[in-house]
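Structural description and commentary
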Amino acid sequence: VKSGKIVSCRVSACVCVCVFSSFTVLHENRDDVTALHCKIVCLTQNGSFKEALNVMNTHSKVLGSEVVFEKAYCEYRLNRVESSLKTIEAAAEQTDKLKELYGQVLYRLERYSECKSVYTDLIRNSQDEYEEERKTNLAAVLAAMSQCFPVWTNVFEDLGLPDSTYELCYNTACALIGQGQLTEAFNKLQQAEELCRVSLADDSDQNVFDSKKKVKLTNAEGVEYKLARKQLQAIDLNKALLAMYTNQADQCRKLSSNLQSQNPGQPRPVLIQVAQLCREKQHSRAIELLQEFSDQHPERASGIKLVMAQLYLVQGHVTKACDVLRSIEEFKHKLGMISALVTMYSHEEDIDGAIDVFKQAIEHYQSQQPGSAAHLALVREAANFKLKYGRKKEAISDLEQLWKQNTNDIHTLAQLISAYSLVDTDKAKSLSKHLPSADAMSFNVDVDELENSHGATNVRKKAAKVPGENLPKEQGQVDIKKKRKKKKGKLPKNCDPKATPDPERWLTMRERSYYRGKKKGKKKEQIGKGTQGATAGASAELDASKTASSPPNSPRPGSASGSSSAPAGGSSNVVPPRQQKPAASGATRKKVPQKKKKGGKGGW
């Protein structure tokens, strides 16, 4: 059965049976060596190392050298590493299991060279099913050695360590990191990750909360005795990171502060605190923390300053970021750093700052690596940059240096002549003599073929010739040109052709000289406003019946002709009804909408 729980129960049951049997035998004979040995093994399997060690010390005369391995193992598990080493070295015979334990003890004491010799001897002289575990341990030893001093490049191949498991790949990557071979280490880590995924394909715990559960396993009793100091520090760092990713800010700050107090010169605890501050949008406080560490530990400030520059860029302080980057002595003359600085200064339109970066870098390579590829590349980029921003006078020295390195470089010579043409025309003319002739520069180019090529654009093509177009004309033949008929222009409606047209007719009305604007102050007559059939007070003046010269009112329909009930004098106070305009022919009469009554339904 492969289940871990069933195997554990089965082992526990076997231990209980063995303990019961050993106690039964020892009850009859307290000095029975086999029963005592069985009891010690059972106590060791249950993790009762102190009780097992007490049994061995009590019956040391009887047991003798029978339990040397068990005694050394119990001392090792109780973190009595020095005592375990003495026990192993005092053994009369060095068996394979003692050598395995000896290697573990040496590794715990960080005596990696001796540990490497022990595991190398075990791999060469042992033939059992634990060969892969021994190779993994040897790879771990080499990885630890690489952190202290460089390990030779082909050490893994020389010792026959394959990349068959993710543990071996991981340890190989650690050793490569110690050697500074970061690209190879990255590839090994990717390979180890893939092998680990395949190996742990059945494991469903793959999120942060499952990782939190797994980290709790490192708090078990006795774990600190099984791990090296660096491994314990790595666990504490992972705990702080896990607290940060699970939004436990106080716990993250507490763990990282403890790590920083234990290792004041280590930058990782500070970086974790900075990351937590950035998650809380406290970028200014994060920069202050980085600056404090940089001032206190200048020998380890390179990575810290890179993070500081990144935070300045996040805040939009590009110039401050440039100042921080230029203060890193270790990186400021690297080509990548120069490129970043020039780009940032150009973004800020600080051309002088970018040129100063080029100047310092060229001076550095001129003194350290004159004439190298990096030196000439910098000179070339500096010249192109100055020409791009119109600094031709400043680019002359760079172009002269490039042309002296390669006098056959026509492109550089042309740039140099162009720059000198603004400063010293005589020098430009003398340099122009070194240019090749026009025939030498033509390179036998077929212009027609070039224009008709696939990529040619904006080329004027001649019209195709019509057969017989340019034939000679017979004698007496005259060219006849077709005359086009001129169409008379259309005049606007209501136009008098005899009248002189308005010369300002093309202007808008407001722009014409005779425009006086709209007349203001006169109100429109209030005619037809108010209730139906009624007029304002001014309408009385318009009543024709009130004037003397007006004819009598027309008779209403249905009344006798000529009869009128108007009083003498021709004046009347009766307001005649308003006459409506006659409806157009074929038009229908519209209904007049009336106001709705309250509570009633709408209608016309």
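Our structure's up above, just so we're on the same page.
Keep in mind it's a predicted model, so treat the numbers as computed, not measured.

**Brief notes about the side chain of H59**
You can see H59 is positioned in the loop between α3 (49–58) and α4 (60–63). The exposure class assigned to H59 is buried, which follows from its relative accessible area of 14%.

**Quick look at the environment of D163**
The topology assignment puts D163 in the loop between α10 (155–158) and α11 (166–179). Residue D163 is classed as partly exposed on the basis of its relative accessible area, which comes to 24%. Ignoring any residue separated from it by four or fewer positions in sequence, one finds D163 in contact with C169, T172, K188, Q191 and L195.

**Regarding unusual backbone geometry**
With a phi close to 60°, E110 is a non-glycine residue in the positive phi region. Among the secondary structure elements, E110 is positioned in the loop between α7 (96–108) and α8 (112–125). A positive phi angle is found at E349, which is not glycine, with a value near 60°. Tracing the sequence through the fold places E349 in the loop between α21 (335–347) and α22 (351–368). Taking the relative accessible area as the measure of exposure, E349 reaches 68% and is therefore exposed.

**Describing a nonpolar patch on the surface**
A cluster of nonpolar side chains, contributed by Y170, I177, L182 and L189, occupies part of the molecular surface with about 380 Å² of accessible area. Elements represented by at least two residues in the nonpolar patch include exactly α11 and α12 (182–199). By secondary structure assignment, the location of I177 is in helix α11.

**A look at helix α23 (residues 373–388)**
Along an α-helix, a turn takes 3.6 residues, which lines up residues three or four apart on a common side. The end-to-end C-alpha distance of α23, which contains 16 residues, comes to 22 Å, matching closely the 22 Å that a straight helix rising 1.5 Å per residue would cover. Among the residues making up α23, those that are buried are A374, H375, L378, V379, A382, A383, F385, K386 and L387. At its buried positions, α23 is contacted by α21, α22, α24 (392–405) and α25 (410–420). Once α23 finishes, G390 follows within two positions and takes phi at roughly 75°, a positive value.

**Section: the packing of α3 against helix α5 (residues 68–77)**
Contact geometry for α3 and α5: axes closest at 9 Å, N-to-C directions at 145°. Between α3 and α5 lies a crossing whose hand is left-handed. On α5, the residues touching F49, A52, L53, M56 and N57 of α3 are E70, K71, Y73, C74, E75 and R77.

**Comments concerning the pattern of salt bridges**
In this structure the tally under the stated criterion is 16 salt bridges. Of the charged contacts, one joins R197 and E193 as a salt bridge, the two residues approaching to 2.9 Å between their closest N and O atoms. Taken together, the residues R197 and E193, both in helix α12 and four residues apart, mark about one turn of the helix. Note on R197: relative accessible area 54%, which makes it exposed. In the salt-bridge network here, residues are joined through shared partners; they are E100, D128 and R134.

**Points about the packing of aromatic side chains**
Throughout the structure, instances matching the rule amount to five aromatic pairs. With a centroid separation of 6.2 Å and 20° between ring planes, the pair formed by F69 and Y73 is classed as stacked. With F69 and Y73 both in helix α5 and four residues apart, the pair spans about one turn of that helix. Classification of F69 as partly exposed rests on a relative accessible area of 23%.

What counts, and where the lines are drawn
Residues numbered from 1 in each chain as written. Predicted model: local features only at pLDDT ≥ 70, side-chain atom pairs only at ≥ 80, totals over all residues. Heavy atoms only, no water. Helix = DSSP H or I, 4+ residues; strand = E, 2+ residues; numbered from the N terminus. Buried < 20%, exposed > 50% of the residue type's maximum accessible area, 1.4 Å probe, protein only. Contact = heavy atoms within 4.5 Å. Patch = residues over 30% accessible without salt bridge, like charges linked within 9 Å, V, L, I, M, F, W, Y side chains within 5 Å. Areas by Shrake-Rupley, 256 points an atom, 1.4 Å probe, with all protein chains shown as cover. Salt bridge = Lys/Arg side-chain N within 4 Å of Asp/Glu carboxyl O. Expected span 1.5 Å × (residues − 1). Axes fitted to C-alpha atoms, helices over the stretch in contact; angles between N-to-C directions. Left-handed = near helix turned anticlockwise from the far one by under 90°. Phe/Tyr/Trp six-rings, centres within 6.5 Å; stacked < 30°, edge-to-face > 60°.

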